[in-house]
Amino acid sequence: MFRRTLKLLQKTVQIEFSKNVDYYQILKVSKINATSKEIKDSFKNLSKNCHPDLFPNDEQKYEEFQKLNEAHEVLSNEENKRLYDEFWSREEILRVLEF
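Residues numbered from 1 in each chain as written. Predicted model: local features only at pLDDT ≥ 70, side-chain atom pairs only at ≥ 80, totals over all residues. Heavy atoms only, no water.

Concerning the layout of surface pockets
Taken as a whole, the largest pocket spans an internal volume of roughly 180 Å³. A breakdown of the residues in the lining of the largest pocket according to their chemical character gives three nonpolar, two polar and four charged. (1 Å grid on protein atoms, 1.4 Å probe; cavity = no way out; pocket = protein on both sides within 12 Å on 5 of 7 lines; lining within 4 Å. Points joined across faces, edges and corners; volume = space filled by probe spheres on them. Nonpolar A, V, L, I, M, F, W, Y, C, P; charged D, E, K, R; others polar.)

Quick look at the confidence of the model for the protein chain
Confidence in the prediction for the protein chain averages 80 pLDDT; 72% of positions are at 70 or higher. By mean pLDDT, the top-scoring element of the protein chain is helix H3 (residues 36–47) (97), and the lowest-scoring one is helix H1 (residues 2–9) (36). Contacts of residues 1–14 to residues separated by more than four positions or lying in other chains number three contacts, the stretch itself having pLDDT below 50. (pLDDT = per-residue confidence, 0-100. Helix = DSSP H or I, 4+ residues; strand = E, 2+ residues; numbered from the N terminus. Contact = heavy atoms within 4.5 Å.)

Regarding the packing of aromatic side chains
One pass over the structure, following the stated rule, counts three aromatic pairs. Arranged with centres 6.1 Å apart and planes meeting at 45°, the rings of Tyr24 and Tyr84 form a pair that is tilted. Of the two residues, Tyr24 sits in helix H2 (residues 23–27) while Tyr84 sits in helix H5 (residues 78–98), which places them 60 residues apart along the sequence. As far as burial versus exposure is concerned, Tyr24 and Tyr84 are alike and both buried. In textbook terms, an aromatic cluster arises when at least three aromatic residues are bridged by ring pairs, as seen for Tyr23, Tyr24 and Tyr84. One cation-aromatic arrangement involves Lys61 over Phe55; the distance from NZ or CZ to the ring centre is 4.9 Å. (Phe/Tyr/Trp six-rings, centres within 6.5 Å; stacked < 30°, edge-to-face > 60°. Buried < 20%, exposed > 50% of the residue type's maximum accessible area, 1.4 Å probe, protein only. Lys NZ or Arg CZ within 6 Å of the ring centre and 35° of its normal.)

Quick word on the side chain of Ser42
Mapped onto the secondary structure, Ser42 falls in helix H3. A residue is classified by how much of its surface remains accessible, and Ser42, at 11% relative accessible area, is buried. Among all residues touching Ser42, those that are not within four sequence positions of it are Leu27, Lys28 and Val29.

Here we look at H3
Between its terminal C-alpha atoms H3 stretches 16 Å, which fits the 16 Å expected from 12 residues at 1.5 Å a residue. Those residues of H3 that sit buried are Ile39, Ser42, Phe43, Leu46 and Ser47. Buried residues of H3, viewed axially, fall in a sector of 115°; they line one side. (Expected span 1.5 Å × (residues − 1). Arc of directions from axis to C-beta.)

Spelled out as structure tokens, the structure:
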């Protein structure tokens, strides 16, 4: 019974992120040692310059905010951040092997 319950509680983690987009660069934080606080603070500070509530008719600012939000959603969740980091590690290895 206990094992079945565990199997029912298991879930597949699925995240979607844009290929060839560096979320660390978008949020202007270190790829190597960015803490969750740094990610959160950077998102808050950068979003002040493009938040749709502050710039309601500016499409460019809206798109910039969307990119910030996507980066924040992935990097602020530890599991998603780990998956994203693993994905980019594999991409880097494949890129090196292609040359």
